[in-house]
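Tertiary structure, described
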Amino acid sequence: APEPTGTLLDGLDPDQRAAAAVPGGPLLIIAGPGTGKTRTLTHRIAHLVTERGVPANQCLAITFTRRAAEEMTERLATLVGEQARDLTVATFHALGVRILREHHAKAGLTAEFAIADEQQCEQLRAEHGELYKKHLHEQDLVDFDDLVELPVHLLSADPELVEHYRRRWQWISVDEYQDVDETQYQLLRLLSPAHGNLTAIGDPDQAIYRFRGADVGFFLRFTEDYPAAHRVQLTRNYRSGKHILAAAVQAITPTTLVADRALHPAGSHPEHALIGLHHAVDEQAEAAFVARTIDQLLGGSSFHSLDTGRVDSDGTQGLSFDDFAVLYRTSAQARALTEALTRAGIPVQKRSHDRLTDRSGVRRLLRELDLVGTTGTVRDRVRQAAKAIADIDEDAYTALELLMPLAERCGEDLDQFRTELSLGAEVDTWDPRADRVSLLTLHASKGLEFPVVFLVGCEDGLLPMRWPGEQPEPEQVNEERRLFFVGMTRAQRHLYLSHAAERSRHGATRKAAPSPFLTDVGAEHCERLGEAVPRRRKPKQERLF
Ligand code: ATP
Ligand code: MG
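Residues numbered from 1 in each chain as written. Chains lettered and ligands numbered in written order. Predicted model: local features only at pLDDT ≥ 70, side-chain atom pairs only at ≥ 80, totals over all residues.

Next up on the list: the overall build of the chain. A tally of helices and strands in the chain yields 19 helices and 18 strands. With 545 residues in all, the chain has 45% of them scored as buried. Taking all contacts inside the chain whose residues are at least 6 apart in sequence as the whole, residues at least 24 apart take part in 78%. (Helix = DSSP H or I, 4+ residues; strand = E, 2+ residues; numbered from the N terminus. Buried ≥ 20, exposed ≤ 12 C-beta atoms within 10 Å, placed from the backbone. Contact = placed C-beta atoms within 7 Å.)

Attention shifts here to the nonpolar core. With 133 residues, the main nonpolar core has Val290, Val326 and Met488 as its most contacted residues. A total of eight residues in this core trace back to one element, the largest contributor, which is helix H12 (residues 242-252). Residues contacting Val326, with those up to four places away along its chain left out, are Val290, Leu337, Val437, Leu439, Phe454 and Val456. In terms of nonpolar packing, the next biggest core, distinct from the first, is built from 16 residues, Val382, Ile389, Leu400 and Ala407 among them. (Core = buried A, V, L, I, M, F, W, Y, C linked by C-beta atoms within 7 Å.)

Time to look at the packing of helix H2 (residues 37-51) against helix H3 (residues 66-80). As a packed pair, H2 and H3 sit with axes 10 Å apart at the nearest point and diverge in direction by 40°. As far as their axial angle goes, H3 and H2 are oblique. Helix-helix and strand crossings are classified by hand; for H2 and H3 the assignment is right-handed. Judged by residue contacts, Thr42, Ile45, Ala46, Val49 and Thr50 of H2 engage Met72, Arg75, Leu76, Leu79 and Val80 from H3. The class makeup of the residues in the contact of H2 with H3 is seven nonpolar, two polar and one charged. (Axes fitted to C-alpha atoms, helices over the stretch in contact; angles between N-to-C directions. Parallel < 35°, antiparallel > 145°, perpendicular 65-115°, else oblique. Left-handed = near helix turned anticlockwise from the far one by under 90°. Nonpolar A, V, L, I, M, F, W, Y, C, P; charged D, E, K, R; others polar.)

Mapped onto this numbering, the UniProt entry annotates "domain: UvrD-like helicase ATP-binding" (unreviewed entry) at residues 10-241. Secondary structure content for residues 10-241 is 45% helix and 15% strand, and the end C-alpha separation is 24 Å. (UniProt positions renumbered as here; feature names shortened; annotations may be inferred.)

Taken together, 17 residues form the shell around ligand 1, and within it Gly36, Lys37, Thr38, Arg39 and Tyr238 come nearest. Of the residues forming the shell around ligand 1, the biggest block, three residues, is contributed by H2. When grouped by side-chain class, the residues that make up the shell around ligand 1 number four nonpolar, seven polar and six charged. (Near = placed C-beta within 6 Å.)

The subject of this paragraph is helix H16 (residues 378-389). Compared with an ideal rise of 1.5 Å per residue, which puts twelve residues at 16 Å, H16 spans 17 Å between its outermost C-alpha atoms and is within 8% of the ideal. Of all the residues in H16, the buried ones are Val378, Arg381, Val382, Ala385, Ala386 and Ile389. Buried residues of H16 fall within an arc of 135° about the axis and therefore sit on the same side. (Expected span 1.5 Å × (residues − 1). Arc of directions from axis to C-beta.)

Mapped onto this numbering, the UniProt entry gives "binding site: ATP" (unreviewed entry) at Ala31, Gly32, Pro33, Gly34, Thr35, Gly36, Lys37 and Thr38. Judged by local crowding, Ala31 falls into the buried class, with 25 C-beta atoms found within 10 Å. Following the sequence through the fold, Gly32 ends up in the loop between strand E1 (27-31) and H2. Ignoring anything within four residues of it in the chain, the contact list for Gly32 reads Asp203, Asp205, Asn237, Arg261 and Leu263.

So, about helix H14 (residues 334-343). Restricting attention to buried positions, one finds in H14 the residues Ala334, Ala336, Leu337, Ala340 and Leu341. Burial along H14 is one-sided: seen end-on, the buried residues are contained in an arc of 165°. Exposed side chains of H14 directed beyond 90 degrees from the buried face belong to Arg335, Thr342 and Arg343. Once H14 finishes, Gly345 follows within two positions and takes phi at roughly 80°, a positive value.

Working definition: the strands of a sheet are paired by backbone hydrogen bonds and lie parallel or antiparallel to each other. Strand order in this open sheet of six strands is E3-E2-E6-E7-E1-E8, and the pairing throughout is parallel. Each edge of the open sheet carries a strand with a single partner, namely strand E3 (88-91) and strand E8 (230-234). Here the strands of the sheet are splayed against their neighbours by 15° on average, with no regard to which way each runs. Here E1 runs beside strand E7 (residues 197-202); their pairing, made up of four bridges, is parallel. Note on E7: the bridge partner recorded for Ile30 is Gly202. Of the strands in this sheet, strand E2 (59-63) and E3 touch H3, which is tilted by about 165° from E3. Across the face of the sheet, helix H4 (residues 92-102) comes into contact with E2 and E3 while running at roughly 110° to E3. (Pairing = 2+ DSSP bridges.)

Okay, here's the thing in structure tokens:
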């Protein structure tokens, strides 16, 4: 076949281009981190719409988080312009809401059904045990799981409805397919026929949501489910320096799920710094190391930074706070880091997985919203409601601050405000445009990249995570190793791995050994960093752990 050319595919390498240009039918793109899977998917959709005449409203792209959906929407808007408005880019949950809103009556709900928060669910569960769902739905409420489960029930019972949606979305793509769960898988099976134009993209070695019901088995059997599937591999990594990449591959190799894993540097990377290893006495010292290193990479100027265009001896020019991310296994680790960084004058922002609706201030505010009248902008109504409850719930003030951007976006549509709030407001507190260092859990770091990454707490018992007295199953430990792999591969130019000899957890201070995963990282890719961060030190030749 002639090599497809066209402006939209020009930004891709030959393998990516071949994947993006597959004419139709089931397609599996299996590839490691940083190989441009998400980029290829975005370009494929743009190519289909603008160069192959596929109607934009027939395209559905499913992403793992709402933030990822927003990013993809923005990217598509720059690639295809106006037509981007007709594309559907959504998480599984947002997609489920849409199907439910369109067919609410079939599920016994009104068009205004609401999504219950955790507290409402708990209460109903306590009152009604398993009959819980019946009472929930009778109150015109659904829970988070229902958002995918109910559409699956509706579609399973109604072949005409299945046909309706199959006609509507004839081109479906799913990013991070390795982390779909059983219900999401069923929904996809219903929406896409065996020969349908379904594109699944992912990396089995980055499957990290087993604890939440995800099953990498669905990815691994894609070609059985869709025997006609094209299978494309991408092997060039555009993200990370060669030491970071090689070390990450070493770390995942013992338990890789990809038999023929191939992952090479794309060759154009500007920097190949060694991985910095740091052994700290305790978590405070570890946090201080992070603060100090950020300061040094910024040219020691974070306290009075007038000197922005500076190029230092490492060539680390042009770094700013938002180029840095600190990744950790548990959100409890954020505290020492926030304290140390803030003390050093380094601004931080946390990307958390907590749902906003689990905060007491937000919960009350919603309830209060019903009482403040039914007209006017969401923004004014939220303000009014917050005022009314501020003296009984202090959290309402902070809650209000966090909710304003969303409220403003929703205009006068309170239903949209409620839906968005319960769907994905977990990441709304994180502003991608803010010049701050990101603090985030390894789970939340999926799909992202940062020029400089600190992976802290590389300790046995923390990464891999182990609860006192518990013997973890091997598969659990493998998943922890994949988390370590995901964390390492977020880094573009600099990666630091640190561990502390002592850490307080669950109210007690415990001694900790370095993570066994570190022993798989070859010494040739690392340099040990002590009190001060030395630059350009020669790598030691002995094994480091
Ligand atoms: P992950 O598994 O972590 O989700 P991914 O495979 O989805 O990674 P992307 O995020 O799409 O990878 O791409 C990684 C980085 O490499 C991005 O900054 C992207 O813009 C860049 N990149 C990908 N392909 C190319 C290319 N052909 N030319 C230049 N840069 C590229
Ligand atoms: Mg990706």
